[in-house]
Amino acid sequence: MFSFNMFDHPIPRAFQNRFSTQYRCYSVSMLAGPNDRSDVEKGGKIIMPPSALDQLSRLNITYPMLFKLTNKNSDRMTHCGVLEFVADEGICYLPHWMMQNLLLEEGGLVQVESVNLMVATYSKFQPQSPDFLDITNPKAVLENALRNFACLTTGDVIAINYNEKIYELRVMETKPDKAVSIIECDMNVDFDAPLGYKEPERRSQHPEEPSEEEGDPSSYAEMDLGFRAFTGSGNRLDGKKKGIEPSPAPLDPSDIRRGIPNYEYKIGRISFIRNSRPQPKKTDDEDTMSRFIAFSGEGQSLRKKGRKP
């Protein structure tokens, strides 16, 4: 009787916990069915066949399920999560931006392996268009979009949908590793300058040169002549018309005293304008009449003087 011990050695634990297979990948638009699966395009998760779930349930893997996708022809790789197990056997469906990162065409082969990733603490993104600056609160928009992602890989160009417009962002840096999990994590987000962004040029004004706001001094006089208060005619309730006074004569610019700026003003000096018109001199008669003398009035008595009672 013969005995073979070729299966007596146990399989290493590393191979027991590892899921590795190859699928033909297609974009989500190729997914058959009446339901619209545009939600897959808004995140970083894929759709796998039911046999993958059966195989994963037999392995002692950690949750959440994270996978490494590799295109061996172009030596490109990325990481993702799984959304559902409803694809046909031998096929998996990927978001369009993920297929672009892997340089995959419709029906191309992709290697899918289960991995364990560290939890993210920091990530830095670079918008691929200056249009991203038009968003009022880009951090809040990105935080809401990353809820549909399971992990991030340095070098990937992810796509987020906001206000019916797609914005692409390149993952410039992730900590503590080049590939991190972003499920239930406290991650600091930073932004780099958008691709093609240019700082606006600033024009420096010299103090000696007058600014455009000062304008021509004659324009102030014309502005004052344009409007005069209380120059219109009124109407009576009884219908009678009062004599219309002739329109006032136009003012001469030399008569305007109030509201004209000081054209000799220089920056750094303040001048106070006082009314220096001399007061009119009073004549001697006016001065005598206006002088006040105490107890100078005449008194009156109820009884006339010189008459005895």
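So, here is what we can say about the structure in this document. Note that the structure is a prediction, hence the values are computed from the model and not measured.

**Side note on the packing of aromatic side chains**
For the structure on display, the rule yields four aromatic pairs. Pairing Phe-19 with Phe-67 gives two aromatic rings, centres 6.0 Å apart and planes at 75°, and the pair type is edge-to-face. Highlighted residues: Phe-19 in the loop between helix H1 (13-16) and strand S1 (20-27) and Phe-67 in strand S3 (residues 66-71), separated in sequence by 48 residues. Accessibility assignment for this pair places Phe-19 and Phe-67 in one class, buried. Measuring from ring centre to ring centre gives 5.8 Å for Phe-132 and Tyr-167, while their planes differ by 75°; the resulting arrangement is edge-to-face. In this pair, Phe-132 sits in the loop between strand S8 (122-127) and helix H4 (138-145) while Tyr-167 sits in strand S11 (residues 165-175), placing the two residues 35 residues apart along the sequence. Judged on exposure class, the residue Phe-132 and its partner Tyr-167 are both buried.

**Structural notes on the sheet that holds strand S12 (residues 179-181)**
Spatially, the three strands line up as an open sheet ordered S7-S12-S9, and their pairing is mixed. With partners counted over all chains shown, the strands left at the sheet margins are strand S7 (118-119) and strand S9 (151-153), one partner each. Both S7 and S12 contribute to a ladder of two bridges, which runs parallel. What sits directly across from Met-118, in S12, is Val-180.

**Some remarks on the environment of Gln-126**
Tracing the backbone shows Gln-126 in strand S8. Owing to a relative accessible area of 13%, Gln-126 belongs among the buried residues under this scheme. The spatial distance from the C-alpha of Gln-126 to the C-alpha of Leu-195 is 7.1 Å, given a sequence separation of 69 residues. Residues in contact with Gln-126, not counting those within four places in the same chain, are Glu-168, Leu-169, Arg-170, Met-172, Asp-192, Ala-193 and Leu-195. One polar contact links the side chain of Gln-126 to the main-chain carbonyl oxygen of Ala-193, over a distance of 3.4 Å.

**As for the nonpolar core**
Within the largest apolar cluster, 43 residues are counted, with the highest numbers of intra-cluster contacts made by Phe-19, Met-48, Phe-67, Leu-69, Leu-94 and Leu-146. When residues of this core are assigned to domains, at least three map to each of domain 1 (20-115) and domain 2 (122-191). Look past the residues within four positions of Leu-94 in its chain and what remains in contact with it is Cys-25, Tyr-26, Ser-27, Val-28, Ile-46, Leu-69, Met-99 and Leu-102. Within the second largest apolar cluster, seven residues are counted, among which are Val-28, Leu-31, Val-40 and Ile-47.

**With respect to the environment of Gly-107**
Its place among the elements puts Gly-107 in the loop between helix H3 (96-101) and strand S6 (108-115). According to the relative accessible area criterion, Gly-107 is buried, its value standing at 13%. For Gly-107 and Tyr-93, which are 14 residues apart along the polypeptide, the C-alpha to C-alpha distance reads 10.0 Å. If sequence neighbours within four positions are ignored, Gly-107 has contacts with Arg-24, Cys-25 and Tyr-26.

The rules behind these values
Residues numbered from 1 in each chain as written. Predicted model: local features only at pLDDT ≥ 70, side-chain atom pairs only at ≥ 80, totals over all residues. Heavy atoms only, no water. Phe/Tyr/Trp six-rings, centres within 6.5 Å; stacked < 30°, edge-to-face > 60°. Helix = DSSP H or I, 4+ residues; strand = E, 2+ residues; numbered from the N terminus. Buried < 20%, exposed > 50% of the residue type's maximum accessible area, 1.4 Å probe, protein only. Pairing = 2+ DSSP bridges. Contact = heavy atoms within 4.5 Å. Polar contact = N/O pair within 3.5 Å; in protein donor to acceptor, adjacent residues only side chain to side chain. Core = buried A, V, L, I, M, F, W, Y, C linked by side-chain atoms within 4.5 Å. Domains from an automatic or database assignment.

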